[in-house]
Amino acid sequence: MGTERIGTVVGLWRFPVKSMLGERVETVDITDVGIVGDRGHALIDRQTGKVVSAKHPRLWPDLFACRAHYLRPPRVGQPLPPVRIDLADGTALRSDDPDADAVLSRFFGREVHLGRFAPTDYTIDEYHPDIEQLNPAGERDVLVEMKLGSALFAALGWPSAVPEGSFMDLFPLSILTTSTLEHLAALGVGSDFDLRRFRMNLIVETPTPGFAENTWVGAALHVGDAVQLAVPLPTPRCVMTTLALEELPADPGVLRTIVRNNRLALADIGRYPCAGAYATATRTGTIHTGDTVALAA
């Protein structure tokens, strides 16, 4: 089977703590459960048992003001190294500090636990902003309870793409192209479609105009010398793309532009606004910035 070169990896991102700012790296190790160390931790609300997510910005408004990075690179087959977390008030802590939960609880104003594994019934609260056609149910300006990870797959009656205990939303990896970012910028004049808003693992520079990833669904991608990825679904977008992040202001226009221009059918569960694509690794290995991306022909 031949391949067609379609782009180059220009960015690699790992997020040690779910819904906090992550770290841009030059090299990542890919396993069948994603980038080693990606979403390796998350906060869990002790009162509700739910996983803390920036998808509920009214309850957790400061998550994007916190940054997490590993103190040394995580390695395949080894325990994850400690994570340093820098909070918005200037406080710094380590994931292995004995008082880490207490420090985090004081900052967020709620009792939280920094967890390594998602609960079996992995549930979050997600705010659906007041945007028409945001989801098949037509929910607007409402907070909903939502299952993610293996709990969502179990509820749908599908084989899970992630193991129980994973903090991934749906699939282990996510990819976004420069073509999609440039196309959105042309469609949504006045909004800043900075790649950081989308929290993707692989950023691929592509010459194909438009929503390049839409054509990859069901195909195989070869990345660098070793890694092969399957692309099962486009990536649905949510309120997180609209939130203020570092110097970027809050902007609901980001999500409105995606809704207007790229609503796609996700399996048999309805149409959602999408930007980027999910992926799973069918052949594992190491990816470097600068690696070639090819589509199996």
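Being a predicted model, the structure only gives us computed values, none of them experimental. What you see as residue numbers is a count from 1 along each chain, following the sequence as written. In view of the model being predicted, local features appear only for residues whose pLDDT reaches at least 70, and side-chain atom pairs are presented and counted only at 80 or more, with totals across whole chains, interfaces and linings using the full set of residues. Computation of side-chain values covers all heavy atoms of the structure but excludes hydrogens and water.

S.K.: What's the story with a nonpolar patch on the surface in this structure? I'm lost.
M.R.: On the surface, Leu156, Trp158 and Ile269 cluster together to form a nonpolar patch covering roughly 220 Å² of accessible area. Inspection of the secondary structure puts Ile269 in the loop between β17 (263-265) and β18 (271-283). A residue counts toward a patch only above 30% relative accessible area and without a salt bridge, and it is joined to like-charged neighbours within 9 Å or, for Val, Leu, Ile, Met, Phe, Trp and Tyr, to nonpolar neighbours within 5 Å. Methods summary: accessible areas were calculated by the Shrake-Rupley approach with a probe of 1.4 Å, and residue burial reflects only the protein chains presented. The working definition used for a salt bridge is a side-chain nitrogen of Lys or Arg within 4 Å of a carboxyl oxygen of Asp or Glu. Runs of H or I in DSSP of at least four residues are treated as helices and runs of E of at least two as strands, each being numbered from the N terminus.

S.K.: Just checking my understanding: could you explain the pairing of strand β1 (residues 3-14) for this structure?
M.R.: The two faces of a sheet get side chains in turn, since along a regular strand they alternate between them. Note on pairing: DSSP must find at least two bridges between two strands before they are called paired. Two elements, β1 and strand β20 (residues 292-296), share five bridges in a ladder whose sense is antiparallel. Residue pairing across strands places Thr3 opposite Ala296, the latter belonging to β20. When β1 meets strand β13 (residues 202-205), the two strands line up antiparallel, connected through four bridges. Looking at the pairing, Val9 lines up with Val204 of β13. Two strands pair when backbone bridges link them, and β1 and strand β2 (residues 23-25) are joined in this way by three bridges, in the antiparallel orientation. Looking across to β2, one finds that Leu12 is bridged to Val25.

S.K.: I would appreciate a short explanation of the pattern of salt bridges in the present structure.
M.R.: Close approach of charged atoms allows side chains of opposite charge to pair. One pass over the structure, following the stated rule, counts 17 salt bridges. For Asp101, the salt bridge goes to Arg46, with nearest N and O atoms at 3.0 Å. One end of the pair, Asp101, is in helix α1 (residues 100-108); the other, Arg46, is in the loop between β5 (42-45) and β6 (67-70), with 55 residues separating them in the sequence. Asp130 is the salt-bridge partner of Arg140, the closest N and O atoms lying 2.8 Å from each other. Of this pair, Arg140 sits in the loop between β10 (123-128) and β11 (142-147) while Asp130 sits in the loop between β10 and β11, and the two are 10 residues apart along the sequence. Burial classification: accessible surface area is computed with a 1.4 Å probe over protein chains only, and a residue below 20% of its type maximum counts as buried, one above 50% as exposed, and the rest as partly exposed. Among the residues examined, Asp130 registers a relative accessible area of 42% and is labelled partly exposed. Connected through salt bridges with shared partners, the residues Arg67, Asp194, Arg196, Glu246 and Glu247 form a single ionic network.

S.K.: Explain the sheet that holds strand β8 (residues 92-94) to me, please; I cannot follow it from the model alone.
M.R.: Strand pairing in a sheet relies on backbone hydrogen bonds. The paired strands run either parallel or antiparallel. Taken in spatial order, the three strands of this open sheet run β6-β7-β8, and their pairing is antiparallel. Single-partner strands in this sheet number two, and they are β6 and β8. Going across the sheet, the axis of each strand differs from the next one's by a mean of 20°, ignoring polarity. Pairing geometry for β6 and strand β7 (residues 83-86), over four bridges, is antiparallel. Bridged to Tyr70 within β7 is Val83. Between N-to-C directions, angles span 0 to 180 degrees; the directions come from axes that are lines fitted to C-alpha atoms, helices contributing only their stretch in contact.

S.K.: Explain helix α3 (residues 178-187) to me, please; I cannot follow it from the model alone.
M.R.: Note on helix geometry: an α-helix contains 3.6 residues per turn, so any two residues three or four positions apart are oriented the same way. Residues of α3 that are buried: Thr178, Ser179, Thr180, Leu181 and Leu184. As for α3, its buried residues are in contact with β1, β12 (173-177), β13, α4 (253-261) and β18. By definition, residues are in contact when any of their heavy atoms lie within 4.5 Å.

S.K.: Help me out: how do you make sense of the sheet that holds strand β19 (residues 285-288) in this one?
M.R.: Across the sheet, which stays open at both edges, the three strands sit in the order β4-β3-β19 with antiparallel pairing between neighbours. Strand pairing shows two members of the sheet lacking a second neighbour, β4 (34-35) and β19, which therefore form its edges. Pairing analysis gives four bridges linking strand β3 (residues 27-31) to β19, with the strands arranged antiparallel. Across the sheet, the residue bridging to Val28 is Ile287, located in β19.

S.K.: It is not clear to me how the packing of aromatic side chains should be interpreted in this structure. Could you clarify?
M.R.: The geometry of two aromatic rings is summed up by the distance between their centres and the angle between their planes. Stacked, edge-to-face and tilted are the three classes for Phe, Tyr and Trp ring pairs, Trp counted by its six-membered ring, which pair at centre distances within 6.5 Å; planes under 30 degrees apart are stacked, over 60 edge-to-face, the rest tilted. On inspection of all chains with the given rule, the structure shows seven aromatic pairs. Between Phe107 and Phe108, the ring centres sit 4.8 Å apart and the planes meet at 85°, which makes this aromatic pair edge-to-face. Comparing Phe107 with Phe108 shows no difference in burial state: the two are buried. Between Tyr122 and Phe167, the aromatic rings sit 6.2 Å apart at their centres with planes inclined by 85°, giving edge-to-face as the arrangement. Here the residue Tyr122 occupies a position in the loop between β9 (112-115) and β10, and Phe167 occupies one in the loop between α2 (149-156) and β12, the gap between them amounting to 45 residues. Accessibility classification places Tyr122 together with Phe167 in one group, the buried group. The rings of Phe153, Trp158, Phe171 and Tyr278 are connected pair by pair, giving a single aromatic cluster.

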